[in-house]
Amino acid sequence: MKPAAFDYIVADSLEAAVAALAGAGGEAKIIAGGQSLVPMLNFRLLKPSVLVDINRIPGLAFIKESEKTIEVGALTRHHQIETSPVIAKHLPVLGCAMTHVAHLAIRNRGTIGGSLSHADPAAELPMLALLLDASLEIASASGRRTVAARDFFLAALTVDLNDGDIVTGITFPKLPAKTGWGFEEVARRSGDFALAAVAATLTLSGGAIAQARIAMTGVGPTPRRAGDAEALLTGKPLGPDLIEAVIKLVRAGVEPESDLHASADYRRHLAGALAGRAVAAAWRRAQGKTA
Amino acid sequence: MTEPAEIHTRPKIVGARIKRTEDPRLLTGLGGYVDDKQVPRLLHVAFRRSDHSHARIRAIDCAAARAAPGVVAVFTADDMQSLVKPLRATSRMAGYHATPILPLASGKVRYVGEPVVGVIAESRYLAEDALELIAIDFEPLPVVVDPEEAARPGAPLLHEEAGTNVLIAREFKRGDVDAAIEAAPVRVKGRFRMRRKTAVAIEPRAYLAEHEAGRDAITLHSATQIPGIVRDALAEALDMPGHRLRVVAPDVGGGFGGKGSLYPEEIFVCAAARALARPVKWTSDRMEDLAATSQAFDEIVDAELGLDKEGRALGLRADVIGDVGAYSIYPWTAGLEPVQVVSFLPGPYRIQHYRGRVRAVATSKAPTGPYRGVGRPISTFVMERLMDMAASRIGIDPREIRARNFVRPEEFPYKTGSGIVWDRSGFSECLTAACDKLGYDDLRAKQAKARAAGRWFGIGIASYAELTGIGSRISVAPGMPINTGTETATIRIDSTGAVTASFGIASHGQGLETTLAQVVAEHLGARIEDIRIVQGDSSAVAGSTGTYASRSAVLAGGAATLAAQAVSEKVLVVASHLLEAAAGDLIAGNGRISVAGTDRSVAFREVARAVYSEMGRLPPELRDELAATKTYDPVFGTTTSATHIATLEIDPQTYEVRIGRFVVAEDCGRLINPLIVDGQVHGGVAQGIGAALYEEVVYDDQGQIHTASLVDYVVPSAAEIPPMDVVHLETESPTTLGGFRGMGEGGTIGAPAAVANAIADALSPLGIEINELPITPERLFRLIGAAQAKV
Ligand SMILES: Cc1cc2nc3c(=O)[nH]c(=O)nc-3n(C[C@H](O)[C@H](O)[C@H](O)COP(=O)(O)OP(=O)(O)OC[C@H]3O[C@@H](n4cnc5c(N)ncnc54)[C@H](O)[C@@H]3O)c2cc1C
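Residues numbered from 1 in each chain as written. Chains lettered and ligands numbered in written order. Predicted model: local features only at pLDDT ≥ 70, side-chain atom pairs only at ≥ 80, totals over all residues. Heavy atoms only, no water.

### A word on the overall build of chain B
Here is step 1 of the chain: Looking only at helices and strands, one finds 21 helices and 33 strands in chain B.
Here is step 2 of the chain: Relative to the globule expectation of 28 Å for 791 residues, the C-alpha radius of gyration of chain B, 27 Å, shows essentially globular dimensions.
Here is step 3 of the chain: In terms of overall dimensions, chain B has C-alpha extents of about 95 × 75 × 45 Å along its principal axes.
Here is step 4 of the chain: Counting the 791 residues in chain B, one finds 63% classified as buried.
Here is step 5 of the chain: The long-range fraction of contacts in chain B, counting pairs at least 24 apart against all pairs at least 6 apart in sequence, stands at 80%. (Helix = DSSP H or I, 4+ residues; strand = E, 2+ residues; numbered from the N terminus. Rg over C-alpha atoms; globule rule 2.2 N^0.38 Å. Buried < 20%, exposed > 50% of the residue type's maximum accessible area, 1.4 Å probe, protein only. Contact = heavy atoms within 4.5 Å.)

The following block contains the structure:
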């Protein structure tokens, strides 16, 4: 479990990093927190000829609040997001999700840019980006572009990034007023990748749900939204029958895979159960109660 | 955590809650592990391992690897042939088939992960680069993965020369069990399955061999539990006398049995260092650890228990198949675990009629070996499940059925149907103490309420007995011809008054440096801080084995007592001369010898100086070295017993299991250090919870291992382990010197059964039996789904 030999370039600016990537002609890999990349190097699943270290690029680790959005720099560590008062205030579902990501030592190193770029099918951050309708800012030698989270995750471990691309930041719209949230996860152990996880937000208007968002991870190659269930909820107050209907819809709508830890059937079962709980928690929170 | 009041009031050093003296070193990074060792001109090994479960090796092409940058040598089995003689784990048991232990696979590979080629290079990185250049032409052979199929006549054979895959078959019986069970008014039975596990010590195995060319001598630094056994085995394999071989186990980061056997890689580094006249090191990575360190707990048990209407057991019969993997491990043999399952199945209960049959079946998987608890986690799981099944059939409480069946105090020593003899131990006392600690009756009342509200809340009891501190009359492994029943201690006071006590044991986390120092301090009157414990070194005493089988506190503690008493006599003779007082009036304590009732005293240091350094202070006949070597042999073994109780709740929608409380009441005789006993129980229970809920080595039907990293081999972390209550009882002093009983393994023995019973109890409204461990959320999902479909 030793990596094959590689060259190592420390980039001290975004320009230098982009240039180094462009110079390596597809043979390079960015290293951020290294928490997903280094195991793959050690297993020799990846043998890049060059590692471009972006950790010393100034200005890529930040949480910035503006009127309607929260912008998070790609190098922001999981632990910063977990403990940020700005996140706790405007995106509490994100702060809560972070406590389920790995262990503290890993959260001290792992970055949001790395997690989204890596796109593990059971990771929390891709699900949260999808839930919260975030968008990603991407830089390359040929300029900058913005991609919506909903278009970013293409397949397991596959995202809309080209060889020379660097994710520089993620923009989250703030949660609207009268919005409650829920986050539910089942993992084999504390800190493990999810067998299934569901996050939901419900925005109320009058006594009914004006907007419902439900996102899931661990139940398919990429995170996904439960569009049918969201549509079903819209315009109604939440009650036990509606929760049951959501559970059924979610189960019917996912196509999870089986692995060593859980069968597709169990994951499907979990997706429904967790969606029911997440929606119920969001409903309670939207009414100002504790979940 | 509570303990009986008497422990607080005990004035002595033995029994004191002393913090582990090795911990400051280990916790501040100042320990020295094999891989830390800096040696000039060190070479590094990487092994090309088999990716086939069972295959013939047609040809190996190492030419490109030999030419790769930094590579110094490449060895195959053929290259090793002239350097190493094959070893075999022999046994006196009839019908046993030994298998060869070689540094590299020869002719065939028999499991995925078996070492085939050893590459030696200037760094581990370069060695691994060269691995990719080796071409092995394998001819796949039929895999041998299902132990039941492998046991059938005509099955493909792993070891042709054995003529069968059944490496051992045994039967223990007493009375007429078939008649007893046929006639029993109540019968419960099941097919029980415990899935394969592996030890996962934090420090993986590591071996560094240094060759001293001038003497043709080898020092092997080995992360092993058994330096003495390894030394003796190497003497045979390398054809060298013991004084040119030294095996040192420095700080060792856990073993749990996984470091308790001789390994091919260990022989390899020694042979390679000798052939190349350079030091050679191999450190296992986690992938190798999961694929090629000994595995365990892989049994299928068909068992039936017959009882009378009051729930008294009449007869027990069982057929056990142990899936022992590809080789019969050295020195314990393939019989070690499966035979223990049938030996210990009757547990702490009075059962007149018994029959246990066992077959140890070779399969093309990693070899199995010792793992904390050896066999008894399985036997206890089966027996305790049967007890609960019977209790529910008859309609009595699980606590009550155990109380009715325990061997009673007046019946000790009691011989079980399999021939194990229990000396008096607190079987019923532990059950009572555990129930009291838990508030058992209250909890049952709460459970009734929770159940009425639709909650799945369970309480599980497991009681067991084990034989520990085994002496020379009993083989630790069935039929094994190596004596593991004696332990030698040498205690020496040097010219500065410092005390060095040397042992053959090899502490790898048990805190034996502390507990043995306590024993020595108590009997010698020295201060703990003046005592150094030397252990984990085959050169410390003439003959030794190591630390395993809950033996070290009993055996080394006994040897320490004898040697300390002998040295103390010498010290007192000298002190009596120096103090001009009768030896009988002297008291040794806290590093000084004083005349009782006076303020006159001398320090150990002054005694030592008088003996070794000062001219004319002592008459010549008193200038005897302040040293003694003593050997202790408890001859038989002594019984340790305990009751574990777990409470847990199962989420009715996600099927996650949350353990609430975990209570252990145990009788391990006299406690040397309650803090360390607590720690051993905590760690053992954590491993038992792993066995119950999480850990499973998975091979597919092609013999490929799927749990090759700690993402897939799921070991519980601190977050999954509940707080525990440990109650210590000392029901009766056993015959061992000092009254110690072994207690290093018990946590792992009781916990799987307690958790399994608690889950079955929680799910009893659905009529679900738990017959397979680990009981993962996935397995619960299937069991619950099937039960709900029936309703
Ligand atoms: C034991 C363990 C448990 C874990 N458990 C969880 C868990 O429960 N949930 C979870 O979500 N994650 C988990 N992780 C993964 C962890 O969250 C990682 O930190 C994260 O997936 C990757 O972030 P990183 O910064 O370490 O990325 P790296 O490992 O450095 O990189 C990962 C990939 O992303 C690319 N990359 C990195 N940064 C950028 C960028 N700015 N632009 C473009 N590409 C980039 C790299 O080239 C690489 O391909 C776990 C990890 C470990 C080791």
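### Focus: the overall build of chain A
Here is step 1 of the chain: Along the backbone of chain A there are twelve helices and 14 strands.
Here is step 2 of the chain: Since a compact globule built from 291 residues should have a radius of gyration of about 19 Å, the 19 Å found for chain A is in line with a globular shape.
Here is step 3 of the chain: Projecting the C-alpha coordinates of chain A onto the three principal axes gives extents of approximately 60 × 45 × 30 Å.
Here is step 4 of the chain: Counting across all 291 residues of chain A, residues that qualify as buried make up 54%.

### Notes on the pairing of strand β25 (residues 531-534) of chain B
Residue and element names in this part refer to chain B.
Here is step 1 of the chain: Here strand β24 (residues 499-503) runs beside β25; their pairing, made up of four bridges, is parallel. Looking at the pairing, A501 lines up with I533 of β25.
Here is step 2 of the chain: Regarding the hand of the β-α-β motif, the stretch spanning β24, helix α16 (residues 512-524) and β25 is right-handed. (Pairing = 2+ DSSP bridges. Right-handed = clockwise from strand over helix to strand, strands pointing away.)

### Considering the pattern of salt bridges
Side chains carrying opposite charge are able to pair once their charged atoms draw close together.
All names here are of chain B.
Here is step 1 of the chain: Considering all chains together, one arrives at 84 salt bridges over all chains under this definition.
Here is step 2 of the chain: Between R424 and E429 there is a salt bridge, with the nearest N and O atoms lying 3.2 Å from each other.
Here is step 3 of the chain: We classify R424 as buried; its relative accessible area is 18%.
Here is step 4 of the chain: In this structure, R492 engages E625 in a salt bridge whose closest nitrogen and oxygen atoms are separated by 2.8 Å. (Salt bridge = Lys/Arg side-chain N within 4 Å of Asp/Glu carboxyl O.)

### Digging into the site of the ligand
Residue and element names in this part refer to chain A.
Here is step 1 of the chain: Near the ligand, the surroundings consist of 32 residues, among which I30, G34, L37, T111 and E124 are the closest.
Here is step 2 of the chain: Between an oxygen atom of the ligand and a main-chain N or O atom of A32, the distance comes to 2.8 Å.
Here is step 3 of the chain: A102 has a polar backbone atom sitting 3.2 Å from an oxygen atom of the ligand.
Here is step 4 of the chain: For the shell around the ligand, the secondary structure elements donating two or more residues are β2 (28-31), α7 (112-118) and β10 (166-173).
Here is step 5 of the chain: No other element matches α7, which puts five residues into the shell around the ligand. (Near = heavy atom within 4 Å. Polar contact = N/O pair within 3.5 Å; in protein donor to acceptor, adjacent residues only side chain to side chain.)

### Notes on unusual backbone geometry
Here is step 1 of the chain: Residue B:F412 is joined to B:P413 through a cis peptide bond whose omega torsion reads -10°.
Here is step 2 of the chain: Although it is not a glycine, A:L157 sits at a positive phi angle of roughly 55°.
Here is step 3 of the chain: Given the relative accessible area of 47%, A:L157 is considered partly exposed.

### Here's the deal with a nonpolar patch on the surface
Here is step 1 of the chain: A cluster of nonpolar side chains, contributed by A:F6, A:Y8 and A:V10, occupies part of the molecular surface with about 250 Å² of accessible area.
Here is step 2 of the chain: Structurally, A:V10 is set in strand β1 (residues 7-10). (Patch = residues over 30% accessible without salt bridge, like charges linked within 9 Å, V, L, I, M, F, W, Y side chains within 5 Å. Areas by Shrake-Rupley, 256 points an atom, 1.4 Å probe, with all protein chains shown as cover.)

### Here's the deal with the interface of chain A and chain B
How big an interface is tends to be stated in terms of accessible area lost as the parts join.
Here is step 1 of the chain: With 23 residues of chain A at the contact, the number on the chain B side is 32 residues.
Here is step 2 of the chain: Applying the counting rule to chain A against chain B returns four salt bridges.
Here is step 3 of the chain: The partner of B:E132 in a salt bridge is A:K47, with the nearest N and O atoms 3.0 Å apart.
Here is step 4 of the chain: Listing elements by their share of the side of chain A that touches chain B, those giving two or more residues are β11 (179-186) and α12 (264-286) of chain A.
Here is step 5 of the chain: With seven residues, the single largest contributor to the side of chain A that touches chain B is α12(A).
Here is step 6 of the chain: Among the residues forming the side of chain A that touches chain B, the class breakdown is eleven nonpolar, four polar and eight charged. (Nonpolar A, V, L, I, M, F, W, Y, C, P; charged D, E, K, R; others polar.)

### Overview of the confidence of the model for chain B
Here is step 1 of the chain: With 99% of its residues at a pLDDT of 70 or more, chain B shows a mean pLDDT of 96.
Here is step 2 of the chain: For this predicted complex, the interface score ipTM comes out at 0.96, while the overall pTM is 0.97. (pLDDT = per-residue confidence, 0-100.)

### Here we look at the packing of α12(A) against helix α21 (residues 777-790) of chain B
In a packed pair of helices, the relevant descriptors are the angle between the two axes and the axis-to-axis distance.
Here is step 1 of the chain: Where α12(A) contacts α21(B), the axes come no closer than 10 Å and their chain directions differ by 85°. Taken together, α12(A) and α21(B) sit at an angle that is classed as roughly perpendicular. On the side of α12(A), the interface is formed by A:D265, A:Y266 and A:H269, while α21(B) contributes B:P777, B:E778 and B:F781.
Here is step 2 of the chain: Looking at side-chain class alone, the contact of α12(A) with α21(B) contains three nonpolar, one polar and two charged residues. (Axes fitted to C-alpha atoms, helices over the stretch in contact; angles between N-to-C directions. Parallel < 35°, antiparallel > 145°, perpendicular 65-115°, else oblique.)

### What to know about the domain arrangement of chain B
Residue and element names in this part refer to chain B.
Here is step 1 of the chain: What the domain assignment lists for chain B is domain 1 (5-31 + 486-632), domain 2 (34-141 + 204-252 + 259-292) and domain 3 (371-416 + 424-465 + 639-790).
Here is step 2 of the chain: If you average the C-alpha positions of domain 1 and of domain 3, the two centres end up 39 Å apart.
Here is step 3 of the chain: With 28 residues of domain 1 at the contact, the number on the domain 3 side is 18 residues.
Here is step 4 of the chain: Both sides of the domain 1 and domain 3 interface together cover about 1800 Å² of buried area, and 60% of this is carbon and sulfur.
Here is step 5 of the chain: Linking domain 1 to domain 3 there are two salt bridges.
Here is step 6 of the chain: At the boundary of domain 1 and domain 3, one finds ten residue pairs in polar contact (both at pLDDT 80 or more).
Here is step 7 of the chain: Broken down by secondary-structure element, the contributors of at least two residues to the side of domain 1 that touches domain 3 are α1 (5-9), α16 and α17 (552-579).
Here is step 8 of the chain: The element best represented in the side of domain 1 that touches domain 3 is α17, accounting for six residues.
Here is step 9 of the chain: Per-class residue counts for the side of domain 1 that touches domain 3 are eleven nonpolar, eleven polar and six charged. (Domains from an automatic or database assignment. Buried area = accessible area lost by both parts, 1.4 Å probe.)

### Description of the packing of aromatic side chains
Residue and element names in this part refer to chain B.
Here is step 1 of the chain: As enumerated under the stated definition, the model contains 18 aromatic pairs over all chains in all.
Here is step 2 of the chain: On the basis of an interplanar angle of 85° and a centroid distance of 5.7 Å, the ring pair of F75 and F268 is categorised as edge-to-face. Taken together, the residues span a long stretch of sequence, with F75 in strand β3 (residues 71-75) and F268 in helix α9 (residues 264-276) at a distance of 193 residues.
Here is step 3 of the chain: A relative accessible area of 0% means that F268 is categorised as buried. (Phe/Tyr/Trp six-rings, centres within 6.5 Å; stacked < 30°, edge-to-face > 60°.)

### Quick notes on helix α13 (residues 398-405) of chain B
Residue and element names in this part refer to chain B.
Here is step 1 of the chain: Those residues of α13 lying buried are P398, I401, R402 and N405. Taken around the axis of α13, the buried residues stretch over an arc of 100°, which confines them to a single face.
Here is step 2 of the chain: Of the residues flanking the start of α13, the one acting as N-cap is D397, its side-chain oxygen 2.8 Å from the backbone nitrogen of R399. (Arc of directions from axis to C-beta.)

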